[in-house]
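# Summary of structural features
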Amino acid sequence: MAHVRHWSMAAGLALAALLGGCTSGGSASGGSASGGSAGGQASTPAAAGYWTHNRLLGAQPSRDWSLPKLPSPGATPTAQNPLLAAPRVGALFTHDASGDHFCTASVVASPGRDLLVTAAHCIHGGKGGGYKSDIVFIPGYQDGATPFGVWTPRRLLVAPQWAASSDPDFDVGFVVLQPLDGKNIEEVLGANQIGFDAGFDHLVRVTGYPASADAPVTCMNRTSQQSARQVRFECGGFFGGTSGSPWVTGFDPRTRTGTIVGVIGGYQEGGDTDAISYSAYLNSDIRQLYEQAAATG
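About the cut-offs
Residues numbered from 1 in each chain as written. Predicted model: local features only at pLDDT ≥ 70, side-chain atom pairs only at ≥ 80, totals over all residues. Heavy atoms only, no water. Helix = DSSP H or I, 4+ residues; strand = E, 2+ residues; numbered from the N terminus. Buried < 20%, exposed > 50% of the residue type's maximum accessible area, 1.4 Å probe, protein only. Contact = heavy atoms within 4.5 Å. Areas by Shrake-Rupley, 256 points an atom, 1.4 Å probe, with all protein chains shown as cover. pLDDT = per-residue confidence, 0-100. Phe/Tyr/Trp six-rings, centres within 6.5 Å; stacked < 30°, edge-to-face > 60°. Lys NZ or Arg CZ within 6 Å of the ring centre and 35° of its normal. Pairing = 2+ DSSP bridges. Core = buried A, V, L, I, M, F, W, Y, C linked by side-chain atoms within 4.5 Å.

### Quick notes on the overall build of the chain
Looking only at helices and strands, one finds seven helices and 15 strands in the chain. Buried residues in the chain amount to 56% of all 297 residues. The contacts in the chain between residues at least 6 apart in sequence include a share of 76% that link residues at least 24 apart. For the chain, the accessible surface area stands at approximately 11500 Å², while carbon and sulfur atoms represent 54% of it.

### Regarding the confidence of the model for the chain
Scored by pLDDT, the chain has a mean of 79; 69% of the residues are at 70 or more. Under a pLDDT of 50 for its full length, residues 1–32 has, in the predicted model, 67 contacts with residues more than four places off or in other chains.

### Side note on the packing of aromatic side chains
As enumerated under the stated definition, the model contains nine aromatic pairs in all. A centroid spacing of 5.7 Å and a plane angle of 45 degrees characterise the contact between phenylalanine 196 and tyrosine 290, whose relative ring orientation is tilted. You can see phenylalanine 196 sitting in the loop between strand E9 (193–194) and strand E10 (203–208) and its partner tyrosine 290 sitting in helix H7 (residues 284–295), a full 94 residues away along the chain. Accessibility classification places phenylalanine 196 together with tyrosine 290 in one group, the buried group. Judged by centre distance (5.6 Å) and plane angle (45 degrees), the ring pair of phenylalanine 233 and tryptophan 247 falls under tilted. A residue pair is termed long-range when its members are at least 10 positions apart, and phenylalanine 233 in strand E12 (residues 230–234) and tryptophan 247 in strand E13 (residues 246–252) qualify at 14 residues. Across the pair, tryptophan 247 and phenylalanine 233 agree in class, each one buried. An aromatic cluster is present here, built from Phe93, Phe102, Tyr141 and Tyr209 joined pairwise through their rings. A cation over a ring is seen here: arginine 205 above phenylalanine 251, with NZ or CZ 4.2 Å from the ring centre.

### Looking at the sheet that holds strand E15 (residues 276–280)
Spatially, E9-E14-E13-E10-E11-E12-E15 is the arrangement adopted by the seven strands of the open sheet, whose pairing is mixed. In the strand order of this sheet, the two ends are held by E9 and E15, each with one partner. Relative to strand E14 (residues 257–263), E13 runs antiparallel, the two being bridged by five bridges. Bridge pairing in E14 places aspartate 252 opposite threonine 257.

### Looking at the nonpolar core
Of all hydrophobic cores here, the largest spans 43 residues; its most connected members are Leu92, Phe137 and Phe174. Considering each element in turn, this core owes the most residues, five residues, to H7. Dropping the residues within four chain positions of it, leucine 92 is found in contact with His101, Phe102, Cys103, Thr104, Ala105, Leu116, Thr118, Cys122, Ile123, Ile135, Val136 and Phe137.

Structural data, given as structure tokens:
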């Protein structure tokens, strides 16, 4: 049964974003991610206060899409409300000159126990842009509720290839969070591991936020190789807002953890329809970026 979205004012804003179309990132290129683009400034203490209940509900998805289309029978699965909660996943709200937007992010294991992974385009505008402001992470977000608190970043990090040319092969970003009430995010929620150079074929569980006023959705399917540095995942229902959603393989329903082998982003900034999503391949370049982010924890 297809997931039914709430058509609130926020959903209407999300639909308006769908009509805008989607632009793809720059051309693919190789090169090392060593010496990631200088990290963005930490959010000011006022960032959490900026996100009132109304602003959360009115935020527009960062990922643009074509209008939803019904898939052919048996063509692809459709995302559902998750039977098991994924507390390490949350909505990532940002603010820039074009307004309030949101993506998805998740907690990834790190020595500092304070790290998120998301799509680079969720936290940095790419070529001609810069790091976004007033960012907050709300794990378990649903309809304006903040069950695990509102977390603010200490540092943002994307690869120089993304910052310079919006290279889709580097559309992965990391967020180092500040502690909340004396604890780091991993102490509160736990974390998924992250896998590098793990290959292209995995059975993954993908959880993301398709609209700011909606609940998260989850889908399981196998991934496949799209190109030398891009991975493909087919499942309907991943509309605007799901950029940055983690692709978790080896998911353990008891611990609710697994290994992240991708995030929605990359080619077409994650895809221009709800049924096909992409991720930059997490290779040694992305490993270097992760290690640089983890070292700042």
